Amino acid sequence: MGRLTEAIKHLIIINVIMYFAPQLLNLDLTNILALHYPKNEHFGVWQYLTHMFMHGSPMHLLFNMYGLWAFGTPLEHMWGRNKFLFFYFSAGIGAGIIYTIANYYQFNGIYEQLISMGISPSEIQSILADGRYNDTLITLSNKTMSEFYSLYHTPAVGASGAVYGVLVAFGLAFPNAKLALIFLPIPIAAKYFIPVMILGDLFFGVTKYSIGNVAHFAHVGGAIIGFLIAWYWKKNQFKIR
């Protein structure tokens, strides 16, 4: 951590503006900028980039911007502005793509089950339009049908995927740096702390035990892309100096 570097300063400013300006102007940009499921009518390819500047709440924004500052600052010092920006956006866009792939397999799994029950594609589209269905014909649980509807309609927002990439890169560059959670204020070396966090996200994403609407696979996706780039750069001494 330290002085606010150029790239991180501007990223924080843009994120803050993108959160508060629409509220002050009474604009809802969710359908345009948040990342939707590809079959949703509101989906746009540009959303893989723009969703990184959308946040669901002030706390969501605060935690992501704090993480960006705390873990990104030493990386920008080490790599320089341009390389850091390349890394940040690669991790964020990669997180969105991996999140979409995970949702695609979940959505298609339920879709195929409905088809096997004799539900036509047009009937499935009607279910997705209003959320109502005939439970005498569809034997899937309410939880499964609710998940099906949510996968189609709930967009992803936030810089969390990119920040997870930054967090992993920080751990590779400074493995012995001590980190701690607010609710678990015990300093733990980054080389142990960060893998546990990522495994937790993977567990919650696979098991559905998550509390709240958290895009765990976006976190895991950002971590994977971040690890691959940071590992390659570290191996090849890809630094500004």
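Since we're looking at a predicted model, the values are computed, not measured.

Quick notes on the packing of aromatic side chains
Two aromatic rings, taken as a pair, are described by how far apart their centres are and by the angle between their planes.
Piece 1. Inspection of every chain in the model, using the stated rule, returns 18 aromatic pairs.
Piece 2. Centre to centre, the rings of Phe-87 and Trp-233 are 6.2 Å apart; their planes meet at 50 degrees, and the pair counts as tilted. Taken together, the residues span a long stretch of sequence, with Phe-87 in helix H5 (residues 81-116) and Trp-233 in helix H10 (residues 216-235) at a distance of 146 residues.
Piece 3. For Phe-87, a relative accessible area of 0% gives the class buried.
Piece 4. Trp-233 sits in the buried class, given a relative accessible area of 8%.
Piece 5. A network of ring pairs unites the aromatic residues Tyr-37, Phe-107, Tyr-111, Phe-148 and Tyr-152 as a single cluster.
Piece 6. Taking the ring centre of Tyr-111 as reference, the NZ or CZ of Lys-39 above it sits at 5.3 Å.

Brief notes about the packing of helix H6 (residues 121-130) against helix H7 (residues 142-153)
Piece 1. Between H6 and H7, the least distance of the axes is 9 Å, while the angle of their chain directions is 80 degrees. Considered as vectors, H6 and H7 are oriented roughly perpendicular to each other. Packed against H6, whose contacting residues are Ile-124, Gln-125, Ile-127, Leu-128, Ala-129 and Asp-130, the element H7 presents Met-145, Phe-148, Tyr-149, Tyr-152 and His-153 at the interface.
Piece 2. Per-class residue counts for the contact of H6 with H7 are eight nonpolar, two polar and one charged.

Things to note about empty space enclosed by the protein
Piece 1. For the coordinates displayed, the defined rule picks out one cavity of 30 Å³ or more.
Piece 2. When its volume is computed, the largest cavity comes out at roughly 60 Å³.
Piece 3. As for the largest cavity, its lining consists of Leu-35, His-36, Tyr-37, Pro-38, Tyr-99, Thr-100, Asn-103, Leu-151 and Thr-154.
Piece 4. Residues that form the lining of the largest cavity fall into these classes: five nonpolar, four polar and no charged.

Focus: the nonpolar core
Piece 1. Of all hydrophobic cores here, the largest spans 31 residues; its most connected members are Leu-68, Leu-75, Trp-79, Phe-84, Phe-87, Tyr-88 and Val-166.
Piece 2. When residues of this core are traced back to their parent elements, those giving at least two are helix H1 (6-24), helix H4 (58-79), H5, helix H8 (160-173) and H10.
Piece 3. The greatest single-element share of this core, amounting to eight residues, is contributed by H4.
Piece 4. Apart from the residues within four sequence positions on either side, Phe-87 is in contact with Trp-79, Gly-165, Val-166, Ala-169, Gly-226, Ile-229, Ala-230 and Trp-233.
Piece 5. Ile-127, Leu-140, Phe-148 and Leu-151 belong to the second largest nonpolar core, which has 15 residues in total.

A short note on the layout of surface pockets
Piece 1. Approximately 170 Å³ is the volume found for the second largest pocket.
Piece 2. Around the second largest pocket, the lining residues are Met-18, Tyr-19, Pro-22, Gln-23, Leu-27, Asp-28, Leu-29, Thr-30, Met-54, His-55, Gly-56 and Val-157.
Piece 3. The leading source of residues in the lining of the second largest pocket is H1, at four residues.
Piece 4. Considering only residue class, the lining of the second largest pocket consists of seven nonpolar, four polar and one charged.

So, the confidence of the model for the protein
Piece 1. For the protein, the mean per-residue pLDDT works out to 87, and 85% of the residues sit at or above 70.
Piece 2. By mean pLDDT, strand S1 (residues 178-181) is the weakest element of the protein at 64, and helix H3 (residues 47-50) is the strongest at 98.

Topic: the pattern of salt bridges
Piece 1. Applying the stated criterion across every chain yields a total of two salt bridges.
Piece 2. Where Lys-9 meets Glu-6, a salt bridge forms, and the shortest distance between an N and an O atom there is 3.2 Å. Of this pair, Lys-9 and Glu-6 both sit in helix H1, separated by three residues, roughly a single helical turn.
Piece 3. By relative accessible area, which is 38% here, Glu-6 ends up partly exposed.
Piece 4. In this structure, Arg-132 and Asp-130 form a salt bridge, with 3.4 Å as the shortest nitrogen-oxygen distance.
Piece 5. Judged by its relative accessible area of 36%, Asp-130 falls in the partly exposed class.

Criteria and thresholds
Residues numbered from 1 in each chain as written. Predicted model: local features only at pLDDT ≥ 70, side-chain atom pairs only at ≥ 80, totals over all residues. Heavy atoms only, no water. Phe/Tyr/Trp six-rings, centres within 6.5 Å; stacked < 30°, edge-to-face > 60°. Helix = DSSP H or I, 4+ residues; strand = E, 2+ residues; numbered from the N terminus. Buried < 20%, exposed > 50% of the residue type's maximum accessible area, 1.4 Å probe, protein only. Lys NZ or Arg CZ within 6 Å of the ring centre and 35° of its normal. Axes fitted to C-alpha atoms, helices over the stretch in contact; angles between N-to-C directions. Parallel < 35°, antiparallel > 145°, perpendicular 65-115°, else oblique. Contact = heavy atoms within 4.5 Å. Nonpolar A, V, L, I, M, F, W, Y, C, P; charged D, E, K, R; others polar. 1 Å grid on protein atoms, 1.4 Å probe; cavity = no way out; pocket = protein on both sides within 12 Å on 5 of 7 lines; lining within 4 Å. Points joined across faces, edges and corners; volume = space filled by probe spheres on them. Core = buried A, V, L, I, M, F, W, Y, C linked by side-chain atoms within 4.5 Å. pLDDT = per-residue confidence, 0-100. Salt bridge = Lys/Arg side-chain N within 4 Å of Asp/Glu carboxyl O.

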